[in-house]
Amino acid sequence: MADLAIDVRDLTKTYRTPFARRKVEALRGVTFQVEKGHIFGFVGPNGAGKTTTIRTLMGLIRPTGGSATILGKQLPSRAARFQVGFLPEAPYFYDYLTVAELCDLAGRLFGIPAAVRKKRADELIERVGLSRARGQALKKYSKGMLQRAGLAQALMNDPELVVLDEPMSGLDPIGRKEVRDLILSLRDQGKTVFFSTHILSDVEAITDRVAIIVKGELREHGTPGELVSRTVLGTDVMIRIAEAADVTALTDAGDRVRRKGDALSLTLPANADIDAWIAKAHAAGGKIVQVTPRHETLEDLFLRKVEDAKASPSPGGDT
Ligand SMILES: Nc1ncnc2c1ncn2[C@@H]1O[C@H](COP(=O)(O)OP(=O)(O)O)[C@@H](O)[C@H]1O
Ligand SMILES: [Mg+2]
């Protein structure tokens with residue numbers, strides 16, 4: 001087994017609201033592993049259980065069942081917490097602090113000596129692009145600037161593992177790209193990054209592995225490539241064949257048939273025998289130009305998983 005940054009086994013969490021006497025099964029047996037040095041995307045719609053999982057990993061709430069280790073240490077672990085950088089969802093910072101003060105405060109909590117704190121804060125403020133705004137109070141910051149300030153303070157302890165809860169939420173496309181680039185640069189430094197998001201395009205480009213959580217259960221787990229290659233929607237084929245040739249034998253199995261000059265293209269269904277179809281095309285005098293499987297996109301897969309979960313309502317699954 002590879003070196004694991006996070007190992008979560010059968011985690012469950014049931015919230016009990018004291019007055020409504022209602023139970024919310026926020027996590028129903030969640031199991032996954034995050035390898036060291038990876039970027040791991042934890043994806044799910046609102047209410048899926050992402051923040052609950054992350055708060056459990058940070059030792060902020062106790063799970064109802066199951067276990068977890070962070071950097072090889074069983075939770076809850078103070079020692080592990082010192083090696084983790086954490087950006088909470090919608091972080092709240094003291095309005096009147098500057099980003100330098102915010103970083104300094106985080107550094108103090110980790111017991112970092114003053115000289116090191118200063119140096120690191122300067123580096124991080126530069127790195128997240130807040131140098132010009134470093135003198136301003138955080139209350140003057142935009143949402144994107146606050147998120148970057150939050151990232152800077154999360155990195156003050158030079159963590160081995162960085163946990164970010166919806167780090168791109170509320171950011172414009174440029175802000176999202178900046179956060180993505182920062183995550184990539186953390187991996188380049190050999191760090192592990194675990195982040196949650198409800199937006200799939202955030203994970204497709206940069207993650208080594210993705211887990212999709214819906215209603216407290218993991219529905220998929222794998223590399224982005226694996227997840228999309230599991231579902232072949234059909235195969236696009238294109239051949240060149242004489243305009244006069246009768247192609248009904250080739251086209252009756254497929255759809256989206258297009259014929260233009262000597263080019264014939266169509267989509268064969270997912271269960272088609274491609275070899276047999278190619279043989280038929282050759283026999284008819286056709287030349288194969290292109291055979292391309294069409295995969296479900298990660299977005300399609302995600303939406304399908306959310307729909308599947310809706311179709312199978314489960315008790316206590318409150319959103
Ligand atoms: N403190 C709490 N008390 C009761 N229910 C909660 C609490 N926190 C979260 N929940 C519920 O648990 C479920 C999962 O929430 P959460 O982990 O915040 O999801 P996500 O971060 O994926 O949006 C939701 O149904 C939410 O309403
Ligand atoms: Mg959340």
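All residue numbers refer to positions counted from 1 along the written sequence of the respective chain. Lettering for chains starts from A, numbering for ligands starts from 1, and both go in the order in which the items are written. At least 70 in pLDDT is required for a residue's local features to be given in this predicted model, at least 80 for side-chain atom pairs to be given and counted, and no such filter applies to totals for whole chains, interfaces and linings, which use all residues. Neither water nor hydrogens contribute to the side-chain values; these are computed over all heavy atoms in the structure.

**Structural notes on the coordination of the magnesium ion (ligand 2)**
Protein coordination at the magnesium ion (ligand 2) comes from Thr51 (OG1), Glu89 (OE) and Glu89 (OE), with a distance range of 2.0 to 2.8 Å. Placement of the pair is Thr51 in helix α1 (residues 50-57) and Glu89 in the loop between β6 (84-87) and α3 (99-109), with a sequence separation of 38 residues. The exposure class of Thr51 is partly exposed, given its relative accessible area of 24%. Under the relative-accessibility criterion, Glu89 is labelled partly exposed at 39%. Donor atoms (N, O, S) are those found within 2.8 Å of the metal centre, with the cutoff raised to 3.2 Å for Na, K and Ca; water is not part of the atom list, so apparent gaps in a site can occur. Numbering goes from the N terminus for both helices and strands, where a helix is a DSSP run of H or I of at least four residues and a strand is a run of E of at least two. Any residue under 20% of the maximum accessible area for its type is buried, any over 50% is exposed, and the rest in between are partly exposed; the area is computed with a 1.4 Å probe on protein chains only.

**Concerning α1**
Most of α1 sits out of view: six of its eight residues are buried. Of all the residues in α1, the buried ones are Lys50, Thr52, Thr53, Ile54, Thr56 and Leu57.

**A look at the domain arrangement of the protein chain**
The accessible area lost on association of the parts is a frequent measure of interface size. Here the protein chain is partitioned into domain 1 (4-83 + 159-228) and domain 2 (233-295). Just so you know, the domain bounds were taken from an automatic or database domain assignment. Here the C-alpha centroids of domain 1 and domain 2 sit 44 Å apart.

**Let's talk about the packing of α3 against helix α4 (residues 114-127)**
Angles here are taken between N-to-C directions and fall from 0 to 180 degrees, while the axes themselves are lines fitted to C-alpha atoms, restricted in helices to the stretch in contact. For the pair α3 and α4, the least separation of the axes is 9 Å and the interaxial angle reads 130°. With respect to α4, the axis of α3 lies oblique. For the crossing formed where α3 meets α4, the hand is right-handed. Mapping the contact onto sequence places Val99, Ala100, Cys103, Asp104, Gly107 and Arg108 in α3 and Arg117, Ala121 and Ile125 in α4. Under the scheme applied here, ten amino acids are nonpolar (Ala, Val, Leu, Ile, Met, Phe, Trp, Tyr, Cys and Pro), four are charged (Asp, Glu, Lys and Arg), and all others, including Gly, are polar. Partitioned by chemical class, the residues of the contact of α3 with α4 number five nonpolar, one polar and three charged. Convention used here: angles under 35 degrees read as roughly parallel, angles over 145 as roughly antiparallel, angles from 65 to 115 as roughly perpendicular, and any remaining angle as oblique. Handedness of a crossing is defined here by the sense of rotation of the near helix relative to the far one, left-handed for an anticlockwise turn of less than a right angle and right-handed for a clockwise turn. Contact definition: two residues touch when any of their heavy atoms are within 4.5 Å.

**Some words on the packing of aromatic side chains**
We call Phe, Tyr and Trp rings a pair once their centres come within 6.5 Å, taking the six-membered ring for Trp, and we label the pair stacked below 30 degrees between planes, edge-to-face above 60, and tilted otherwise. In total, this model carries six aromatic pairs according to the counting rule given. Ring geometry for Phe32 against Phe194: centres 5.7 Å apart, planes inclined by 10°, an arrangement best described as stacked. Of this pair, Phe32 sits in strand β2 (residues 22-35) while Phe194 sits in strand β8 (residues 192-197), and the two are 162 residues apart along the sequence. Exposure remark for Phe32: the relative accessible area of 0% places this residue in the buried category. According to the relative accessible area criterion, Phe194 is buried, its value standing at 0%. Both rings, one in Phe42 and one in Phe194, keep their centres 5.3 Å apart while their planes meet at 40°; by these two values the pair is tilted. Separated by 152 residues along the polypeptide, Phe42 in strand β3 (residues 39-43) and Phe194 in strand β8 bring together distant segments of the chain. Taking relative accessible area as the criterion, Phe42 reaches 0% and is therefore assigned buried. Each member of the aromatic cluster is reached from another via a ring pair, and the members are Phe32, Phe40, Phe42 and Phe194.

**With respect to the nonpolar core**
What we call a nonpolar core is a set of buried Ala, Val, Leu, Ile, Met, Phe, Trp, Tyr and Cys residues that are connected through their side-chain atoms within 4.5 Å. Ranked by internal contacts, the top residues of the largest apolar core, which has 48 residues, are Ile183 and Phe195. Other than its neighbours up to four places away in sequence, Phe195 contacts Ile39, Phe40, Gly41, Phe42, Leu164, Pro167, Met168, Ile183, Asp202, Val203, Ile206 and Thr207. If you look at the next biggest cluster of nonpolar residues, it comprises 26 residues, including Ile6, Val34, Leu75 and Ala211.

**Describing the side chain of Thr235**
Here Thr235 lies in strand β11 (residues 232-240). The exposure class of Thr235 is buried, given its relative accessible area of 7%. If we ignore the near neighbours within four places in the chain, the residues touching Thr235 are Leu266, Thr267, Leu268, Ile274, Val291, Thr292, Pro293 and Arg294.

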